[in-house]
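# Coordinate analysis (summary)
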Amino acid sequence: MPSELETTLTDAVIARLSPDADPRFRQIMQSLIRHLHGFVREVELTEEEWFEAIKFLTATGQKCDDKRQEFILMSDVLGVSMLVDAINHRSSEGTTETTVLGPFFVHGAPEIENGGDMAAGWDGEPTYVSGRVLSAAGKPLAGALLDLWQSNSEGSYDVQLADTGGRQLRAKLRTDAEGRFRLRTILPTSYPVPTDGPMGLVLERMGRHPMRPAHLHFMVSAPGYETVVTHLFVKGDPYLESDVVFGVKDSLIVDFKRNESQAEAQKLGLKAPFYRASYDFVLRPAGKAKQKAAHAASDAA
Ligand SMILES: [Fe+2]
């Protein structure tokens, strides 16, 4: 039989919210309190489990620094990141679909020329990626900015490796007058999300693998258009159906075609065999509120 406190506490906590609080903040806090209390009631959380949860959240925070974001990983692994993505991008209407930012984005990628190599000095399968950035009406967007990042051929990002000498396997480049971009790199590989922190333990206890299918990260922006945060996934990867962060969308799976021709490789500044992929990014016009939010977010970051 629930005690009186057990049944009345949720309303009592909500009643303490000031009527002067920001309306959106009030709405979020009311819902958070209701759902959090509902969750505790549903599972009848023990005191030991409550303390485990406190320790888990503490460890998650302690694992974070300027290169490691365990909270984003938690959000990704629990499907929250993709739920937020789905709510905020309900209809793509022919524009490029979005997916998770992931925990490995960092500002300050080096700028490279169109056609440049974002993987200079790294071993891997030579790869050429090209395409265009277009408006939804099909207009090529000259000077659009592509910010790219990827793992090495063993599945690690630069921030996971000791002393890589600054930003590696990251690049920024701009489209030419016809909205075209091209770059050389190495073929991305599938990789495990970091499992040496609290989320690794949770994944293991849930009986889930930690793998992400091979992908290249892109953030594509142009003045007057919504910034697209997305990936291009390598077709045929064994983890496309079971991405640990639920990030795969069919429209983002791209054929990285193997090419054995030495002559064609040379034309592109590569060695055969190499892989070639092409993709056109289609941006939607930014609403004013969204543009402001995007600027605020990038300033904050
Ligand atoms: Fe990634």
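Residues numbered from 1 in each chain as written. Predicted model: local features only at pLDDT ≥ 70, side-chain atom pairs only at ≥ 80, totals over all residues. Heavy atoms only, no water.

## Digging into the overall build of the chain
Per the secondary structure count, the chain includes eight helices and eleven strands. Oriented by its inertia axes, the alpha-carbon framework of the chain measures out at about 80 × 40 × 35 Å. Counting across all 301 residues of the chain, residues that qualify as buried make up 39%. Within the chain, residue pairs in contact and separated by at least 24 positions form 70% of the contacts whose partners lie at least 6 positions apart. Just so you have it, the chain exposes about 17100 Å², and 54% of that area is on carbon and sulfur atoms. Averaging the locations of the 33 positively and 41 negatively charged side chains of the chain gives two centres separated by 7 Å. (Helix = DSSP H or I, 4+ residues; strand = E, 2+ residues; numbered from the N terminus. Buried < 20%, exposed > 50% of the residue type's maximum accessible area, 1.4 Å probe, protein only. Contact = heavy atoms within 4.5 Å. Areas by Shrake-Rupley, 256 points an atom, 1.4 Å probe, with all protein chains shown as cover. Lys, Arg positive; Asp, Glu negative; His and termini not counted. Charge placed at Lys NZ, Arg CZ, Asp CG, Glu CD.)

## Quick notes on the sheet that holds strand β8 (residues 228-234)
Across the sheet, five strands lie side by side as β3-β2-β7-β8-β9; this open sheet has mixed pairing. Each of the sheet's edge strands pairs with one partner strand only, and the pair in question is β3 (170-174) and β9 (253-254). Pairing between strand β2 (residues 145-149) and strand β7 (residues 215-221): five bridges, direction antiparallel. Bridging from a neighbouring strand, Trp 149 pairs with His 217 of β7. (Pairing = 2+ DSSP bridges.)

## Some remarks on the coordination of the iron ion
Note on the iron ion: its protein donors are Tyr 157 (OH), Tyr 191 (OH), His 215 (NE2) and His 217 (NE2). The metal-donor distances range over 1.9 to 2.1 Å. Classification of the site at the iron ion as irregular follows from its four donor atoms and the range of 92 to 159° in their angles at the metal. Ordering the donors of the iron ion by residue number gives the pattern Y-x33-Y-x23-H-x1-H. Taken together, the residues Tyr 157 in the loop between β2 and β3 and His 215 in strand β7 connect sequence positions 58 residues apart. Neither Tyr 157 nor His 215 differs from the other in exposure class; each is buried. (Donors = N, O, S within 2.8 Å, 3.2 Å for Na, K, Ca; no water. Tetrahedral: all angles 85-135°; square planar, octahedral: opposite > 155°, others 65-115°.)

## Overview of the sheet that holds strand β4 (residues 180-186)
As summarised here, the arrangement of the four strands in space is β4-β1-β11-β10, forming an open sheet in which the pairing is mixed. What marks the edges here is a single partner per strand, and that holds for β4 and β10 (257-259). Recorded for the sheet is a direction-independent mean angle of 25° between the axes of neighbouring strands. Both strand β1 (residues 126-135) and β4 contribute to a ladder of seven bridges, which runs antiparallel. Bridge assignment links Ser 130 to a residue of β4, and that residue is Arg 182. (Axes fitted to C-alpha atoms, helices over the stretch in contact; angles between N-to-C directions.)

## Notes on the side chain of Arg 68
By secondary structure assignment, the location of Arg 68 is in the loop between α3 (47-63) and α4 (70-77). Of the polar contacts made by the side chain of Arg 68, one reaches the side chain of Asp 196; its length is 3.0 Å. Residues contacting Arg 68, with those up to four places away along its chain left out, are Lys 63, Pro 194, Asp 196 and Gly 197. (Polar contact = N/O pair within 3.5 Å; in protein donor to acceptor, adjacent residues only side chain to side chain.)

## Points about the layout of surface pockets
A volume near 990 Å³ is recorded for the second largest pocket. Taken together, 24 residues line the second largest pocket, and the ones lying closest to its centre are Phe 39, Glu 49, Glu 52, Ala 53 and Phe 56. Where the lining of the second largest pocket is concerned, the elements lending two or more residues are α2 (23-43), α3 and α6 (198-206). When residues of the lining of the second largest pocket are assigned to their parent elements, the largest contribution, nine residues, is made by α3. Counted by class, the lining of the second largest pocket contains 18 nonpolar, two polar and four charged residues. (1 Å grid on protein atoms, 1.4 Å probe; cavity = no way out; pocket = protein on both sides within 12 Å on 5 of 7 lines; lining within 4 Å. Points joined across faces, edges and corners; volume = space filled by probe spheres on them. Nonpolar A, V, L, I, M, F, W, Y, C, P; charged D, E, K, R; others polar.)

## Comments concerning the environment of Glu 97
Mapped onto the elements, Glu 97 comes out in the loop between α5 (80-88) and β1. In this structure the C-alpha to C-alpha distance between Glu 97 and Leu 252, which are 155 residues apart in sequence, comes to 7.2 Å. Those residues in contact with Glu 97, other than ones at most four positions away along the chain, are Ser 92, Val 228, Thr 230, Lys 249, Ser 251 and Leu 252. A polar contact is formed between the side chain of Glu 97 and the side chain of Ser 251, at a distance of 2.6 Å.

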